[in-house]
Amino acid sequence: MGELFYHGLGFVLILIGLYGVLTLKNVFRLILALGIMETGVNIILVATGWHPGAKVPIIDTTVQGAGFAAYADPLPSALVLTAIVIGLGTTALALVLALLYKESHGTDELGGETEEEVVE
Amino acid sequence: MNWTVSFIVVPLFTAFFLLVSSLWMRRLAGYLALLVSGALGLWALTLLPEAVRGGTPVIIGGWIPPYGINLYVDALSMGMVALVTGMITLGILFQLTDGMAKRPYFYGLMLLLLGSLNGMILTGDAFNFFVFMEISGMATYGLVAASRNRAGARGAFKYLVLAGAASVFFLVGIAMVYRSTGTLNMADLARRMPLMTGGSALVAMVSFMIPLLLEAEIFPLNAWVPDTYKGAPSMVSGLLSAAVGVASAYALIRFFYFIFGITYFGKVVGGVKVAHMLLGLGILTAVLGELAALSQKDAKKLLAWSSVGQMGMVLTALSLTGSMAMHAALFLMVSHAVAKMLLFLSVGVIIRSTGTSNWRAWKGVGRRNPLLGRGGWR
């Protein structure tokens, strides 16, 4: 399987997640859809640094010049680690807000709010 | 050693210190936050004349720019830092007079917002920009939900879902430019942009634009505006347009003018220039935003839609592509930030004294409290 497969896979996951974000009403399902989008973009990022037959990027002094081409690029993996941590934080915060929503509205479905209230 | 990095580091450290110290000192938290952001704001003003003379990259940790992350200081970025820091200082000052003054975590979130917005403005690295954008997002969700009522929870959750989905596209853009150019440094990216073919550069540009346009409240992406502005405390609504929206508009300038440049900006897609599409979006946002503002009964929603309209004007000016147009956009951004922040603060005080956010029920406020009545004048 070439790298195009992984790019395509990631893109399909992003679109599935986006469809969920735009159509779902349940707060917990919305958070799941966000998670699917994040996974999709992480796959794309990892595939950016990889090519078929790439070696693990642990490089010693014997590697010179064109020899680097045989290894995967480690930088996108580092970016993905950061993105995963940010995704974890966002998901945790989203779950807290979803709980707050459910407690204050008595339902976990969005939409249909017409009440007037005053916020200072 | 250059101390510019303190604009990011000091607020972040103070924010975490405030959260920990809330165990033993509750009263002083607000004053400490005011001291930190006020001092940083004054310092940014004193650095401004030097920045006007010329831009300088600031190297961090001894890594030379294309490899390490650097900051970039010029008149534009230092001016934006001064503006954002000033607005947040004003917000903290307002909060000290309010009932929420005894919540240290609130000031922690304010300083988190300050540090991350300064990072967004100063950074010279595209991925670093993404990280700061996410941090500022988290601080904003927390601040919006801080009013702890139904509207606050709803507004914060909607904003989180939409901003989270949009920021995924920013990462797609990062993957695309990194694959074609092999760099994430903004100055280096601008130099290597010709390595990208026209089509993929356009897709990358649109991917970068989606979260920035969403936070700058531009038309197809501003569905979160009424709920979030209504649910947030008035001071936070003011910051949403005066600090977060303005920082995003500044980032639009950075990406359009400095990375993709006028060449890609003027590209023709399906018979229409990209700049003309943005012009259309800007005009549509301005007209729809101001029309929606006219029919609002709720003062906060009215100001929210007016803020949308103003950001549409800023985008309209930006998409005219020229140095005069950019001056106009910057002037509009600064005056919009200051005016909207002060209007939201006045509305907050009026709502506190009358108990309603319906402006038609505010009859006689000026008679009962003449000073407050004057506050509504612009």
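## A look at the overall build of chain B
Inference 1: Within chain B, the secondary structure is distributed over 15 helices and four strands.
Inference 2: For 378 residues, the compact-globule formula gives about 21 Å, and the C-alpha radius of gyration of chain B, at 20 Å, lands near that figure.
Inference 3: With respect to the principal axes defined by its C-alpha atoms, chain B has extents near 65 × 50 × 35 Å.
Inference 4: Of all 378 residues assigned to chain B, the portion counted as buried reaches 61%.
Inference 5: Sequence separation of 24 or more characterises 74% of the internal contacts of chain B that already satisfy a separation of 6 or more.
Inference 6: Just so you have it, chain B exposes about 14,800 Å², and 69% of that area is on carbon and sulfur atoms.
Inference 7: With 27 positive and 11 negative side-chain charges, chain B shows a spacing of 11 Å between the two charge centroids.

## Describing the interface of chain A and chain B
Inference 1: Taken together, the 40 residues of chain A in the interface contact 42 residues of chain B.
Inference 2: Together chain A and chain B conceal approximately 3,600 Å² of surface at their shared face, both sides included; 74% is due to carbon and sulfur atoms.
Inference 3: On the surface where chain A and chain B come into contact, there are three residue pairs in polar contact (both at pLDDT 80 or more).
Inference 4: Among the elements of the structure, helix H1 (3-23), helix H2 (27-48) and helix H3 (74-105) of chain A are those that each provide at least two residues to the side of chain A that touches chain B.
Inference 5: The biggest single contributor to the side of chain A that touches chain B is H3 of chain A, with 16 residues.
Inference 6: Residues that form the side of chain A that touches chain B fall into these classes: 26 nonpolar, seven polar and seven charged.

## Here we look at a nonpolar patch on the surface
All names here are of chain B.
Inference 1: Taken together, Ile283, Val287, Leu291 and Leu294 make up a surface patch of nonpolar side chains, about 400 Å² in accessible area.
Inference 2: Inspection of the secondary structure assignment puts Ile283 in helix H11 (residues 274-294).
Inference 3: Ile283 gets classed as partly exposed once you look at its relative accessible area, which sits at 44%.

## Details of the environment of Thr82 of chain A
Inference 1: On the secondary structure map, Thr82 of chain A appears in helix H3.
Inference 2: A residue is classified by how much of its surface remains accessible, and Thr82 of chain A, at 29% relative accessible area, is partly exposed.
Inference 3: When near neighbours in sequence (up to four residues on either side) are disregarded, Thr82 of chain A contacts Phe127 and Val131 of chain B.
Inference 4: One polar contact links the side chain of Thr82 of chain A to the main-chain carbonyl oxygen of Ala78 of chain A, over a distance of 3.0 Å.

## A short note on empty space enclosed by the protein
Inference 1: Taken as a whole, this structure holds three cavities of 30 Å³ or more when the rule is applied.
Inference 2: Approximately 80 Å³ is the volume attributed to the largest cavity.
Inference 3: Glu38 and Ala83 of chain A together with Phe130, Glu134 and Leu171 of chain B are, among the 13 residues lining the largest cavity, the residues nearest its centre.
Inference 4: Secondary structure elements with two or more residues in the lining of the largest cavity: H2 and H3 of chain A together with helix H5 (126-145) and helix H6 (150-181) of chain B.
Inference 5: Its residues assigned to classes, the lining of the largest cavity comprises six nonpolar, five polar and two charged.
Inference 6: Roughly 60 Å³ of volume is contained in the second largest cavity.
Inference 7: Lining the second largest cavity, in full, are Met133, Glu134, Gly137, Tyr141, Ala163, Ser167, Pro211, Leu214 and Glu215 of chain B.
Inference 8: Every element with two or more residues in the lining of the second largest cavity is listed here: H5, H6 and helix H8 (198-215) of chain B.
Inference 9: If you tally residues by element for the lining of the second largest cavity, the top one is H5 of chain B, at four residues.

## Details of the packing of H5 of chain B against H6 of chain B
Residues and elements named next belong to chain B.
Inference 1: Their axes nearest at 9 Å, the elements H5 and H6 cross at an angle of 175 degrees. Comparing the axis directions of H5 and H6 gives the class roughly antiparallel. Of the residues in H6, those in contact with Ala126, Phe127, Phe129, Phe130, Met133, Glu134, Thr140, Tyr141, Val144 and Ala145 of H5 are Gly152, Gly155, Ala156, Tyr159, Leu160, Ala163, Gly164, Ser167, Phe170, Leu171 and Ile174.
Inference 2: For the contact of H5 with H6, a count of residues per class yields 15 nonpolar, five polar and one charged.

## What about the confidence of the model for chain B?
Inference 1: Looking at chain B as a whole, the pLDDT averages 84, with 92% of positions reaching at least 70.
Inference 2: Confidence, read as mean pLDDT per element, is least for strand S3 (residues 268-269) of chain B in chain B (62) and greatest for H5 of chain B (91).

## Let's talk about the environment of Ala66 of chain A
Inference 1: Tracing the chain through its elements places Ala66 of chain A in the loop between H2 and H3.
Inference 2: For the pair Ala66 of chain A and Glu103 of chain A, spaced 37 residues apart in sequence, the C-alpha separation works out to 60 Å.

## Description of the layout of surface pockets
Inference 1: What the largest pocket holds in volume is close to 480 Å³.
Inference 2: Taken together, 20 residues line the largest pocket, and the ones lying closest to its centre are Leu75 of chain A together with Pro66, Tyr67, Asp125 and Leu184 of chain B.
Inference 3: Counting residues per element, the lining of the largest pocket draws most heavily on H3 of chain A, which supplies four residues.
Inference 4: In the lining of the largest pocket, the residues fall into eleven nonpolar, six polar and three charged.

## Overview of the environment of Ile86 of chain A
Inference 1: Tracing the sequence through the fold places Ile86 of chain A in helix H3.
Inference 2: Taking relative accessible area as the criterion, Ile86 of chain A reaches 12% and is therefore assigned buried.
Inference 3: Once the C-alpha coordinates of Ile86 of chain A and Val41 of chain A are considered, the two residues, 45 residues apart in sequence, prove to be 13 Å apart.
Inference 4: Those residues in contact with Ile86 of chain A that lie beyond four places of it in its chain are Phe130, Val131, Glu134 and Met138 of chain B.

## Notes on the pattern of salt bridges
Residue and element names in this part refer to chain B.
Inference 1: Under the definition given, this model contains five salt bridges over all chains.
Inference 2: A salt bridge links Arg191 to Asp188, with the nearest nitrogen and oxygen atoms 2.9 Å apart. Separated by three residues within a single helix, Arg191 and Asp188 lie in helix H7 (residues 186-192), roughly one turn from each other.
Inference 3: On the basis of relative accessibility, which here comes to 59%, the residue Arg191 falls in the exposed class.
Inference 4: When the shortest N-O distance is used, the salt bridge between Arg192 and Asp188 registers 3.4 Å. In this pair, Arg192 and Asp188 both sit in helix H7, four residues apart, roughly one turn of the helix.
Inference 5: Of the residues examined, Arg192 reaches a relative accessible area of 32% and is grouped as partly exposed.
Inference 6: When its relative accessible area of 5% is taken as the criterion, Asp188 is described as buried.
Inference 7: Within this structure, Arg154, Lys158 and Asp227 form a network of salt bridges that share partners.

Calculation criteria
Residues numbered from 1 in each chain as written. Chains lettered and ligands numbered in written order. Predicted model: local features only at pLDDT ≥ 70, side-chain atom pairs only at ≥ 80, totals over all residues. Heavy atoms only, no water. Helix = DSSP H or I, 4+ residues; strand = E, 2+ residues; numbered from the N terminus. Rg over C-alpha atoms; globule rule 2.2 N^0.38 Å. Buried < 20%, exposed > 50% of the residue type's maximum accessible area, 1.4 Å probe, protein only. Contact = heavy atoms within 4.5 Å. Areas by Shrake-Rupley, 256 points an atom, 1.4 Å probe, with all protein chains shown as cover. Lys, Arg positive; Asp, Glu negative; His and termini not counted. Charge placed at Lys NZ, Arg CZ, Asp CG, Glu CD. Buried area = accessible area lost by both parts, 1.4 Å probe. Polar contact = N/O pair within 3.5 Å; in protein donor to acceptor, adjacent residues only side chain to side chain. Nonpolar A, V, L, I, M, F, W, Y, C, P; charged D, E, K, R; others polar. Patch = residues over 30% accessible without salt bridge, like charges linked within 9 Å, V, L, I, M, F, W, Y side chains within 5 Å. Salt bridge = Lys/Arg side-chain N within 4 Å of Asp/Glu carboxyl O. 1 Å grid on protein atoms, 1.4 Å probe; cavity = no way out; pocket = protein on both sides within 12 Å on 5 of 7 lines; lining within 4 Å. Points joined across faces, edges and corners; volume = space filled by probe spheres on them. Axes fitted to C-alpha atoms, helices over the stretch in contact; angles between N-to-C directions. Parallel < 35°, antiparallel > 145°, perpendicular 65-115°, else oblique. pLDDT = per-residue confidence, 0-100.

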